[in-house]
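Remarks on the overall topology
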Amino acid sequence: MSLNKAITMRKLLSIAALFLLSLPTSAQQVKVGVEVLRDSNFGVLDGKRVGLITNPTGVDSQLRSTVDILHEAPNIELVALYGPEHGVRGDIHAGDKVDADKDAKTGVTIFSLYGATRKPTKEMLEGVDVLVYDIQDNGCRSYTFISTMGLAMEAAGEAGIPFVVLDRPNPLGGNRIEGNLVEPDFVSFVSQYPIPYIYGLTCGELANYLNRQEFISHPCDLTVVKLEGWKRDMIYEDTGLPWVAPSPHVPHASSALFYPISGILGELGIISIGVGYTMPFELFGAEWLDAEKLADDLNSKEIPGVVFRPIHYRPFYSVGKGKTLQGVQVHLLDPRHAPLSPIQFIVMEEIYKQAPEHPIFSEKTEHRYGMFDKVTGSNQIRERFSKNYRWEDIKEYWEKDVPAFREAASEYFLY
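Note that this is a predicted model, so its numbers are computed, not measured.

**What to know about the overall build of the chain**
A count of helices and strands for the chain gives 12 helices and 10 strands. Over its C-alpha trace the chain gives a radius of gyration of 23 Å, about what one expects of a compact globule, namely 22 Å for 415 residues. Dimensions of the chain along its principal axes, counting C-alpha atoms only, are 80 × 65 × 45 Å. Considering only contacts in the chain between residues 6 or more positions apart, those separated by 24 or more positions represent 72%. Carbon and sulfur atoms form 51% of the exposed surface of the chain, whose accessible area is close to 17900 Å². Side chains of the chain give 40 positive and 54 negative charges; the mean places of these two sets differ by 4 Å.

Structure below.
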């Protein structure tokens, strides 16, 4: 073989190797609970009348709805659907009440769990032999689907109905735990149970934890249909699964990582966090900020796995609607090792240093303190931080419950 041909061959082999490395290691690395259930010929549901709690995220790897999969299963009868926030088919805006209806495709009655009640009533469970839960969560306590799950488990326990969780990956992975536990005076639908803000469990593991730790007033007969192929160090992009938006402002799998980066601050409605623009939860902006200085100051902190880029933008709606804002975009270069929830407090600290004449906690935001405290699970975060606007003043409090929770929760790891 001539030298030129050998060089050409090496180049072709190098290109081929790069191409092969760019391919996923398998067509699908992780199999979700509904697929494992289907592979077992729906064994745990065989012969039963099924009530299904789900939303558009309840799909298999080919994006086929769990509603349709169970409706067409020959050995079970799908008799009821239950819609959480945003509804079964995802056609309800955040915070809007969901009404009872019939599913247009299957004709199955839909009961609302985000309207007059957030917990299935006796009447809603009539004729149901087993309740099934299949919703993709985002791994953050303030996302209301896990509250829906827990209340439905309680209703199942009261009614003596078995409860089945079709498990799904935690998109933040199974190792990350951040935030203090919810304190009794701050229990709400956005902080329903005494768990950290980021809790590091799949919904099936969390269901086991809540049920067996007796955080459910009437524990239920619980079965978790486990994932296949999921490992604790996986974030969602590692799973090989498609992402279906669980809510309008979490359009991509990466959005789940950004949600806890800015969502707490977003509750105050004074700093734009990108909701109302094309990058929800990825930005921090205001008219009165200096983007370049803020980026430089934040990057000097050398937060692991995070880089801040100056950005100028104009939101379509929400905070800063129609105004030209400037601030920073958060880039996660190493999402497995980057802290998430602390970022917003570090940003708030630097914003205050730059513009103390625009305090984030003031008369302008006082009406939102209640919601801020509910999301953080305590009033201590706000009260301690607002004195001097320093992350160090709340760091210990924010992290105080993590070791004990990690030890307690590890008993319920399924993977």
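**Details of helix 5 (residues 203–212)**
When you tally the buried positions in helix 5, you get nine out of 10 residues, the bulk of the element. Buried within helix 5 are the following residues: C203, G204, E205, L206, A207, N208, Y209, L210 and N211. Tucked inside the fold, the buried residues of helix 5 contact strand 5 (130–134), helix 4 (145–159), strand 6 (163–166), strand 7 (222–225) and helix 12 (402–410). Where helix 5 ends, the next residue or the one after it, E214, has phi of about 60°, a positive value.

**Topic: the state of the cysteines**
Here the structure, examined in full by the defined rule, presents zero disulfides. In this structure C140 is a free cysteine whose sulfur lies 15 Å from that of C203, the closest cysteine sulfur available. Under the relative-accessibility criterion, C140 is labelled buried at 0%. Here C220 is not cross-linked by a disulfide; its sulfur's nearest cysteine counterpart is in C203, at 13 Å. Residue class for C220 comes out buried when judged on its relative accessible area of 10%.

**Re the packing of helix 4 against helix 5**
Contact pair helix 4 / helix 5: the axes reach a minimum separation of 11 Å and the direction vectors enclose 45°. One finds that helix 4 runs oblique with respect to helix 5. In this structure, the crossing between helix 4 and helix 5 has a hand that is right-handed. Contacts between helix 4 and helix 5 pair I146, M149 and M153 from the former with C203, L206, A207 and N211 from the latter. Taken together, the residues of the contact of helix 4 with helix 5 break down into six nonpolar, one polar and no charged.

**Regarding the pairing of strand 7**
In this structure, strand 6 lies alongside strand 7, joined through four bridges in parallel fashion. Following the sheet pairing, V165 is matched in strand 7 by V224. For the crossover from strand 6 across helix 5 to strand 7, the handedness is right-handed.

**Points about unusual backbone geometry**
A positive phi angle, close to 65°, is found at L63, a residue other than glycine. By the secondary structure assignment, L63 is in the loop between strand 1 (49–54) and helix 3 (66–72). For E214, which is not glycine, the phi dihedral falls at a positive 60°. With respect to the helices and strands, E214 occurs in the loop between helix 5 and strand 7. For E214, a relative accessible area of 62% gives the class exposed.

**A word on the pattern of salt bridges**
Inspection of every chain in the model, using the stated rule, returns 22 salt bridges. Between R368 and E267 there is a salt bridge, with its nearest N and O atoms 3.2 Å apart. Taken together, the positions of R368 in the loop between helix 8 (342–354) and helix 9 (369–376) and E267 in the loop between helix 6 (253–266) and strand 8 (283–286) put the pair 101 residues apart, joining distant regions of the chain. Judged by its relative accessible area of 29%, R368 is partly exposed. Note that K301 is salt-bridged to E349, the shortest N-O span being 3.5 Å.

Analysis parameters
Residues numbered from 1 in each chain as written. Predicted model: local features only at pLDDT ≥ 70, side-chain atom pairs only at ≥ 80, totals over all residues. Heavy atoms only, no water. Helix = DSSP H or I, 4+ residues; strand = E, 2+ residues; numbered from the N terminus. Rg over C-alpha atoms; globule rule 2.2 N^0.38 Å. Contact = heavy atoms within 4.5 Å. Areas by Shrake-Rupley, 256 points an atom, 1.4 Å probe, with all protein chains shown as cover. Lys, Arg positive; Asp, Glu negative; His and termini not counted. Charge placed at Lys NZ, Arg CZ, Asp CG, Glu CD. Buried < 20%, exposed > 50% of the residue type's maximum accessible area, 1.4 Å probe, protein only. Disulfide = S-S within 2.5 Å. Axes fitted to C-alpha atoms, helices over the stretch in contact; angles between N-to-C directions. Parallel < 35°, antiparallel > 145°, perpendicular 65-115°, else oblique. Left-handed = near helix turned anticlockwise from the far one by under 90°. Nonpolar A, V, L, I, M, F, W, Y, C, P; charged D, E, K, R; others polar. Pairing = 2+ DSSP bridges. Right-handed = clockwise from strand over helix to strand, strands pointing away. Salt bridge = Lys/Arg side-chain N within 4 Å of Asp/Glu carboxyl O.

As far as function goes, none of this settles anything; it's purely spatial.
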